[in-house]
There are 2 protein chains.
Amino acid sequence: MIYYETFTEVVIFTVKKNKIMLNSYSSADKVLLAVDCIIFGFDKEGLKILLIKRDFEPEKGKWSLIGGFLKKDEKLDSAAIRILDRYTGIHDIYMEQLHAYSDIDRDPVERTISVAYFALINIENHNAELIQNYEAQWFSVANAPKLIFDHNSMLRHAIRRLRYRTSTKPVGFELLPEKFTMRQLLELYEAILSKELDKRNFISKINSLDILIKLDEKDMMSSRKGSYLYAFDKEKYDAKLLNDFVLNL
Amino acid sequence: MIYYETFTEVVIFTVKKNKIMLNSYSSADKVLLAVDCIIFGFDKEGLKILLIKRDFEPEKGKWSLIGGFLKKDEKLDSAAIRILDRYTGIHDIYMEQLHAYSDIDRDPVERTISVAYFALINIENHNAELIQNYEAQWFSVANAPKLIFDHNSMLRHAIRRLRYRTSTKPVGFELLPEKFTMRQLLELYEAILSKELDKRNFISKINSLDILIKLDEKDMMSSRKGSYLYAFDKEKYDAKLLNDFVLNL
DNA sequence: TATATCAATGTAGTTTTTACACTTAATAAA
DNA sequence: TTTATTAAGTGTAAAAACTACATTGATATA
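Just so it is clear, the structure is predicted and the values come from calculations on it, not from any experiment.

Peer 1: What should I look at first to understand the overall build of chain A in this one?
Peer 2: Secondary structure assignment for chain A yields 7 helices and 13 strands. When each of the 249 residues of chain A is scored for burial, the buried share is 51%. The contacts of chain A with a sequence gap of at least 6 include a subset with a gap of at least 24, amounting to 60%. As displayed, chain A offers around 12,900 Å² of accessible surface, 48% of which is attributable to carbon and sulfur atoms.

Peer 1: Honestly, the sheet that holds strand β11 (residues 180-181) of chain B in this entry has me stumped. Any pointers?
Peer 2: Sheet strands line up and pair through hydrogen bonds in the backbone, either parallel or antiparallel. All names here are of chain B. With respect to topology, 3 strands assemble into an open sheet ordered β11-β13-β12, the strand pairing being antiparallel. On the outer flanks of this sheet lie β11 and β12 (212-219), each paired with one strand and no other. Looking at chain direction, β12 and strand β13 (residues 227-232) are connected through 5 bridges and run antiparallel. Note that in β13 the partner of L212 across the bridge is F232.

Peer 1: In this structure, what is going on with the protein's contact with DNA strand D? I would like to understand it.
Peer 2: Around DNA strand D sit 17 residues in total, of which A:R224, A:K225, B:R183, B:K225 and B:Y228 are the nearest. B:R200 places a polar side-chain atom, nitrogen or oxygen, 3.4 Å from a base nitrogen of DNA strand D. Elements supplying a minimum of two residues to the surface near DNA strand D: α6 (199-209) of chain A together with α6 (199-209) and β13 of chain B. A breakdown of the residues in the surface near DNA strand D according to their chemical character gives 1 nonpolar, 6 polar and 10 charged.

Peer 1: What is the right way to look at the environment of A:V171 in this model?
Peer 2: Residues and elements named next belong to chain A. Position of V171 relative to the elements: it lies in the loop between α3 (151-165) and α4 (172-175). V171 gets classed as buried once you look at its relative accessible area, which sits at 1%. Along the primary structure V171 and N201 are separated by 30 residues, whereas in three dimensions their C-alpha atoms are 19 Å apart.

Peer 1: Where do I start with the relation of the copies chain B and chain A in this structure?
Peer 2: One chain copy maps onto the other through a rotation about an axis and a shift parallel to that axis. For these two chains of identical sequence, chain B goes onto chain A by a turn of 180 degrees and a shift of 0.0 Å along the axis, with RMSD 0.1 Å. When the rotation and shift are considered jointly, the pair of chain copies conforms to a two-fold rotation axis. When you check the interface residues of chain B against chain A, 100% turn up at the interface there too, and the contact is symmetric in its surfaces.

Peer 1: How should the nonpolar core be read in this particular structure?
Peer 2: Among soluble globular proteins, nonpolar side chains are generally buried collectively. If you look at the biggest cluster of nonpolar residues, it comprises 50 residues, and the most contacted ones within it are A:L33, A:I39, A:L76, B:L33, B:I39 and B:L76. Discounting chain neighbours no more than four positions away, the residues touching B:L76 are A:A100, A:S102, A:I113, B:L33, B:V35, B:L70, B:Q97, B:V115 and B:Y117.

Peer 1: Would you mind going over the pattern of salt bridges with me for this structure?
Peer 2: Two side chains carrying opposite charge are able to pair once their charged atoms lie near each other. All chains considered together, the criterion is met by 28 salt bridges over all chains. Salt-bridge contacts for A:D238 lead to A:K234; the nearest nitrogen and oxygen are separated by 3.0 Å. Note that A:D238 and A:K234 are positioned in helix α7 (residues 234-241) at a spacing of 4 residues, about one turn of the helix. By relative accessible area, A:D238 is classed as partly exposed at 35%. Classification of A:K234 as partly exposed rests on a relative accessible area of 48%. One salt bridge connects B:K48 with B:E45, and the closest N-O pair in it is separated by 3.3 Å. Classification of B:K48 by relative accessible area gives buried; the value is 9%. B:E45 sits in the exposed class, given a relative accessible area of 66%.

Peer 1: Please explain helix α5 (residues 182-193) of chain B as it appears in this structure.
Peer 2: Counting along an α-helix, one turn takes 3.6 residues, and residues three or four places apart therefore face a common direction. All names here are of chain B. A rise of 1.5 Å per residue sets the reference length of α5, with its 12 residues, at 16 Å; its end C-alpha atoms lie 16 Å apart and thus fit the reference within 8%. Within α5 the residues assigned to the buried category are M182, L185, L186, L188, Y189, I192 and L193. For α5, the angular spread of buried residues about the axis comes to 160 degrees, placing them on one side. Two residues or fewer past α5, S194 is found with a positive phi of approximately 40 degrees.

Peer 1: Could you clarify how one ought to interpret the pairing of strand β4 (residues 30-43) of chain B in this entry?
Peer 2: Looking along a regular strand, one sees side chains alternate from face to face of the sheet. Among the 14 residues that make up β4(B), 13 are buried, leaving the element largely enclosed by the rest of the structure. Here 3 bridges tie strand β4 (residues 30-43) of chain A to β4(B), and the two strands are oriented antiparallel to one another. Following the sheet pairing, A:K30 is matched in β4(B) by B:L32. Sheet topology note: the β4(B)/strand β7 (residues 66-69) of chain B ladder contains 4 bridges and is antiparallel. Opposite B:D36, over in β7(B), you have B:G67 as the bridge partner.

Peer 1: How do you make sense of the domain arrangement of chain A when you look at a structure like this?
Peer 2: Many analyses report the size of an interface as the accessible area lost when the parts associate. Residue and element names in this part refer to chain A. Looking at chain A, the domain boundaries give domain 1 (1-30), domain 2 (32-165) and domain 3 (177-241). Computed over C-alpha atoms only, the centres of domain 2 and domain 3 are separated by 27 Å. Taken together, the contact pairs 5 residues of domain 2 with 8 residues of domain 3. Considering only the surface of domain 2 that becomes buried against domain 3, F42, L47 and R163 emerge as the three largest contributors, covering 70% of it. Between the two partners, domain 2 and domain 3, sit 0 salt bridges. Counting every contact that joins domain 2 to domain 3 gives 2 residue pairs in polar contact (both at pLDDT 80 or more).

Peer 1: Please clarify how the confidence of the model for chain A should be interpreted in this entry.
Peer 2: In low-pLDDT regions, the fine details of the predicted coordinates are not to be read closely. In the predicted model, chain A carries a mean pLDDT of 88, and the fraction of residues at 70 or more is 88%. Across residues 1-8 of chain A, confidence stays below pLDDT 50; counting only partners more than four residues off in sequence or on other chains, it has 31 contacts.

Peer 1: What exactly am I supposed to notice about the packing of helix α5 (residues 182-193) of chain A against α6(A) here?
Peer 2: Two quantities define a packed helix pair, namely the angle between the helix axes and the distance between the axes. Residue and element names in this part refer to chain A. It is at 11 Å that the axes of α5 and α6 come closest, and there the two elements cross at 100 degrees. It follows from the interaxial angle that α5 and α6 lie roughly perpendicular. On the side of α5, the interface is formed by M182, R183, L185, L186 and Y189, while α6 contributes K199, F202, I203, I206 and N207. Each residue belonging to the contact of α5 with α6 can be placed in one class, and the counts come to 7 nonpolar, 1 polar and 2 charged.

Peer 1: Please explain the protein's contact with DNA strand C as it appears in this structure.
Peer 2: Close contacts around DNA strand C come from 18 residues, with A:R183, A:K225, A:Y228, B:K205 and B:K225 the closest. Each atom of DNA strand C within 4 Å of the protein belongs either to a base or to sugar and phosphate, the latter forming 46%. Within the contact set of DNA strand C, a base nitrogen lies 3.4 Å away from a side-chain nitrogen or oxygen of A:K199. At a separation of 3.4 Å, a base nitrogen of DNA strand C approaches a polar side-chain atom of B:D198. A total of 3 residues in the surface near DNA strand C trace back to one element, the largest contributor, which is α6(B). Looking at the surface near DNA strand C residue by residue, the class counts come to 2 nonpolar, 5 polar and 11 charged.

Conventions and cut-offs
- Residues numbered from 1 in each chain as written.
- Chains lettered and ligands numbered in written order.
- Predicted model: local features only at pLDDT ≥ 70, side-chain atom pairs only at ≥ 80, totals over all residues.
- Heavy atoms only, no water.
- Helix = DSSP H or I, 4+ residues; strand = E, 2+ residues; numbered from the N terminus.
- Buried < 20%, exposed > 50% of the residue type's maximum accessible area, 1.4 Å probe, protein only.
- Contact = heavy atoms within 4.5 Å.
- Areas by Shrake-Rupley, 256 points an atom, 1.4 Å probe, with all protein chains shown as cover.
- Pairing = 2+ DSSP bridges.
- Near = heavy atom within 4 Å.
- Polar contact = N/O pair within 3.5 Å; in protein donor to acceptor, adjacent residues only side chain to side chain.
- Nonpolar A, V, L, I, M, F, W, Y, C, P; charged D, E, K, R; others polar.
- Least-squares fit on C-alpha atoms with pLDDT ≥ 70 in both.
- Core = buried A, V, L, I, M, F, W, Y, C linked by side-chain atoms within 4.5 Å.
- Salt bridge = Lys/Arg side-chain N within 4 Å of Asp/Glu carboxyl O.
- Expected span 1.5 Å × (residues − 1).
- Arc of directions from axis to C-beta.
- Domains from an automatic or database assignment.
- Buried area = accessible area lost by both parts, 1.4 Å probe.
- pLDDT = per-residue confidence, 0-100.
- Axes fitted to C-alpha atoms, helices over the stretch in contact; angles between N-to-C directions.
- Parallel < 35°, antiparallel > 145°, perpendicular 65-115°, else oblique.

The structure is reproduced here in structure tokens:
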């Protein structure tokens, strides 16, 4: 076993059959790596996030993002998927890495770096199981409670990213049921961007993307006349992505 | 010392004076956390990145981003600043966290998660010391060499982010000397976006931002007529940032 | 059958973006 | 000193995108 100080780091290596084998980066510190998920949902009341009540000290009883630790042989994306599944039973949804948070004392228990992910799920599809099986609860994004550690900061970043994503990806469709009305879509975008949008302009911009299928079916819940249901055309969207997607609302 | 399995994680805690003190998250794995820097520069030849030749196995002799390991009591931003300073002697420059890379075998020596940062520096200001004191070397972004590990992928992401940043921040000014001509600025943006821009439209868009100071001085190097030098007005820019910056080129 | 409610739809005015070419200033060469 | 050369500097018209805005249509309920 030989120590060798390079310009970069001290490394430990052995020589086997004339081949140098590095065994570790000896001088480097190892740290805990957490993954926290900002899970957005949408229903008729607006844009929501899913939180859990922390059940141990410190900060017991406070609201928290859903999180967990990265395992040794797991990549971050997989950890985020695993953690979300464990708390919600949900998988196969849109997730995106947000940012790594590393303030020294962000977690008072132990030095922990956290990589935040945000996810988009559709509440109606999952709500029943979620509330029954897990201690998670939906909160309106607009008046989210005080969260532990730096989770409020993560949430703010996630909202900013989500707003930006609306112009880049058809994120809206991730948050809605498979069939939805134009009004629902409009209200979703209004909730995300937290501004009012002109209905006619919105519809023509959405239509100009050419990624919606107008169904023959109507939703008769919302009005006497009934409003047509739409579905998202994944194929057209995938084709479109190649030439970049831009949507200015 | 008591073990307690919560819904989230196994934790270890002690009870002191009726207060529960958590000591660690026992079940979680610790990992090495690296920071890699994509350092962009610009000169008359175009957009460049700074690379170093790795001087130990594996991948000895291959080109690599500048990187290092996070220390125990250091946050990621600080590590990025430290590492950049160590390799280039440069500090006080624009840096931004890019993404965390965590493929299991991305570093064959040992499991390492890397958080990539990108930085913008102005070559002319720093080149001499940089080349003399360190083994770093500038490469044209357009034909960068094959890099170790997943560094090419980091570079691709960084370029994408840099392109987006042009519409959000006046990144250009970070890459130019204090005084610069409109032509230099134009060529920089052309290099970043890798597309041709119309000179007159570019100038009027830049001017409409109202963050440039036209100096009385001319650069006589580039032409017989000479071209006016400009400087970046940080104060106006800072004021402007409050109402969001948008620049569509 | 009258009324109330929300869905659906098009256009004109304004702003923004694009495409495009000639004149000017300074210097070097004749 | 005249002429030639080179890149700098400048404006406008056409096209495209965006905004603001109001009436009619379908149906359930009174």
